[in-house]
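# A structural walkthrough
Each chain is listed here by its residues.
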Amino acid sequence: SILVAALANSGYYTSDHSVLHAPREIVLEALSSRAKPVYEAGSTAALALTNVSSETEGDLVQCISDGMEKEGFAYAAISLTHKNLSEPVRLAAVNSERPEARKNATRALVELAGKGLVDADMALETLIQAGNDYQLDTRGDVGSWVREEAVEGISKLFTACTSDALAKRALGVLVRQVLERLDRVRALAMRALLHVGSSDARFPEITAMFPGKRRDLGTGQIPDFAPLLFEIDYVRKDALLGVIASATGAGSLSLLARQALFKISDVGVVLDLYVEFRRDKRLSIPILQALELLVSQNQPDDGPWSLRCAQEICSDLKGSRDISRLASTISLLLSLLSLPTSALRASRALSNLLCHPIPRARRLAAEGLYFHLISGEGGDDVALACEVIGDTFWESTPIRELQPIRDRISAILLTSLIQEEA
């Protein structure tokens, strides 16, 4: 990095392009490095070399364009802001396998759009995709690096957007990040939403949330206007997903997020989210957990939604081997037992889970049914069912031996439900 920095600042340039061959190779090698100080120095040197001649510039820009999937080359594009880098940068922002490269390419895209080298609407479309980057690796939520750049980019380019539909989607990205778990991203998104709300009058519902010169919006809490976002159709989905992500986490933030979640009057809107994202593990499990919170702690009025909820989650049980999803489904089914409309469907599903191929799923269902039965007002049959559940080794007993036990418990459950309805 010292060598490259010295090259960049030496003023050693000549019209003899052959002499520049060695420096060029050094720069490209530096840009290929994964060490940030090295590729940053390489980027400075690349900018200096592009000033030598149009031939040198074109050659170097082409090399950087070809290597855009690497973080160093994407970083160089931030300072070069060359029109020929527009498409490679846009593609790298969402397609590169390296999160650092996606982060740098996203920043470069904003720089290019700011100088009129990329259409603002096209750049905003890419930023919306970058705002949904949730890649995880051993370092944690590395996708958040990309989301941070996307949030700042949306703030800068929002007023240049010519499509209201696109602008609404961009607002959805900001709203979701304002309500999610990470403090740093939430703080950036809050500032961006405040800027957009005060500088663009196209969306008065958003502007109205920032009366006067309000600047007291802390980063350690879910903003008090969160429930109002549930009433705005074009950001409702993102607001719900953001609150759900925080409410199903841990710490004081989750308690504040749950307060906002419990202000949802129609549980059906959360169920609709589950139906939409049921194949997405990252989203479906928190939504299941949010439904369980709403049913068990918020105690909503019973209705057709509860039977539909039981039917939807039961349809996904067939062939499921994901224990995290199974555990969340079992918890929700146990909560649905308390609602008359869904109780029968939920009890049948829980009974079937007692013979699930995954031993832990059988144990979780048995434990849940045990505590449900023992906490109720049952007769001798219920007491017997609790005794049978407690005496059975649900994880180690062969399924063929569990089936008659399951049928016996299922019959007792059915009788108990009929008595409760009577």
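Residues numbered from 1 in each chain as written. Predicted model: local features only at pLDDT ≥ 70, side-chain atom pairs only at ≥ 80, totals over all residues. Heavy atoms only, no water.

## As for the overall build of the chain
- Secondary structure assignment for the chain yields 23 helices and zero strands.
- Residues classed as buried in the chain amount to 53% of the 422 residues present.
- Once local pairs closer than 6 in sequence are excluded, the contacts in the chain between residues at least 24 apart make up 65%.
- Accessible surface, the chain: about 19,600 Å² in total, of which carbon and sulfur atoms supply 51%. (Helix = DSSP H or I, 4+ residues; strand = E, 2+ residues; numbered from the N terminus. Buried < 20%, exposed > 50% of the residue type's maximum accessible area, 1.4 Å probe, protein only. Contact = heavy atoms within 4.5 Å. Areas by Shrake-Rupley, 256 points an atom, 1.4 Å probe, with all protein chains shown as cover.)

## Details of helix α7 (residues 99–114)
- Over its 16 residues, α7 runs 23 Å from end to end, which matches the ideal 22 Å to within 8%, given 1.5 Å per residue.
- For α7, a buried count of twelve out of 16 residues is recorded, marking the element as mostly surrounded by other parts of the structure.
- The secondary structure elements touched by the buried residues of α7 are α3 (36–49), α5 (71–80), α6 (86–95), α8 (120–130) and α9 (143–157). (Expected span 1.5 Å × (residues − 1).)

## Brief notes about the packing of aromatic side chains
- The final tally for this structure, using the stated rule, is four aromatic pairs.
- In this structure an aromatic cluster arises from ring pairing among F158, F203 and Y234.
- Over the ring of Y134 we find R282; its NZ or CZ atom is 3.9 Å from the centre of that ring. (Phe/Tyr/Trp six-rings, centres within 6.5 Å; stacked < 30°, edge-to-face > 60°. Lys NZ or Arg CZ within 6 Å of the ring centre and 35° of its normal.)

## Brief notes about the environment of S375
- Among the structural elements, S375 can be located in the loop between α21 (359–374) and α22 (380–391).
- A polar contact of 2.9 Å, which involves the side chain of S375, links it to the backbone oxygen of F371. (Polar contact = N/O pair within 3.5 Å; in protein donor to acceptor, adjacent residues only side chain to side chain.)

## A short note on the pattern of salt bridges
- Considering all chains together, one arrives at 25 salt bridges under this definition.
- The closest approach of N and O atoms between E71 and R98, which form a salt bridge, is 2.9 Å. With E71 in helix α5 and R98 in the loop between α6 and α7, the pair connects residues that are 27 residues apart, well separated along the chain.
- By relative accessible area, R98 is classed as partly exposed at 22%.
- Through salt bridges that share partners, R278, R279, E312, D316 and R325 make up one connected network. (Salt bridge = Lys/Arg side-chain N within 4 Å of Asp/Glu carboxyl O.)

## Side note on unusual backbone geometry
- Not every positive phi belongs to a glycine, and T81 is a case in point at roughly 40°.
- Residue placement: T81 occurs in the loop between α5 and α6.
- The phi torsion at Q299 lies on the positive side, around 50°, for a residue other than glycine.
- Assessed through its relative accessible area of 64%, Q299 is described here as exposed.

## A short note on the layout of surface pockets
- Approximately 380 Å³ is the volume attributed to the largest pocket.
- In this structure, the largest pocket is lined by 15 residues; those nearest its centre are Y134, E180, R181, A245 and R282.
- When contributions to the lining of the largest pocket are tallied by element, the ones reaching two or more residues are α14 (236–247) and α17 (281–296).
- Of the residues contributing to the lining of the largest pocket, the split by class is nine nonpolar, no polar and six charged. (1 Å grid on protein atoms, 1.4 Å probe; cavity = no way out; pocket = protein on both sides within 12 Å on 5 of 7 lines; lining within 4 Å. Points joined across faces, edges and corners; volume = space filled by probe spheres on them. Nonpolar A, V, L, I, M, F, W, Y, C, P; charged D, E, K, R; others polar.)

## Focus on the packing of α14 against α17
- Running from N to C, α14 and α17 cross one another at 80°; their axes reach a closest spacing of 9 Å. Comparing the axis directions of α14 and α17 gives the class roughly perpendicular. Mapping the contact onto sequence places L241, I244 and A247 in α14 and L283, P286, I287, A290 and L293 in α17.
- Residues of the contact of α14 with α17, tallied by class, amount to eight nonpolar, no polar and no charged. (Axes fitted to C-alpha atoms, helices over the stretch in contact; angles between N-to-C directions. Parallel < 35°, antiparallel > 145°, perpendicular 65-115°, else oblique.)

## Examining the confidence of the model for the chain
- With 90% of its residues at a pLDDT of at least 70, the chain reaches an overall mean of 88.
- Segment residues 11–20 is flagged for pLDDT under 50; beyond a separation of four residues in sequence, or across chains, it makes 17 contacts in the model. (pLDDT = per-residue confidence, 0-100.)

## Some words on the nonpolar core
- Core analysis: the largest hydrophobic core is formed by 126 residues, its most contacted members being I64, L229 and I287.
- Beyond its immediate stretch of four places on either side in the chain, I287 contacts L241, I244, V270, L273, Y274 and F277. (Core = buried A, V, L, I, M, F, W, Y, C linked by side-chain atoms within 4.5 Å.)

## So, the packing of α9 against helix α10 (residues 164–179)
- Interhelical geometry of α9 versus α10 gives an angle of 130° and a closest axis separation of 10 Å. Taken together, the axis directions place α9 and α10 in an arrangement best described as oblique. The hand of the α9/α10 crossing is left-handed. Counting all contacts with α9, which are made through R147, V151 and I154, the residues of α10 involved are A170, V173, L174 and Q177.
- Looking at the contact of α9 with α10, its residues break down into five nonpolar, one polar and one charged. (Left-handed = near helix turned anticlockwise from the far one by under 90°.)

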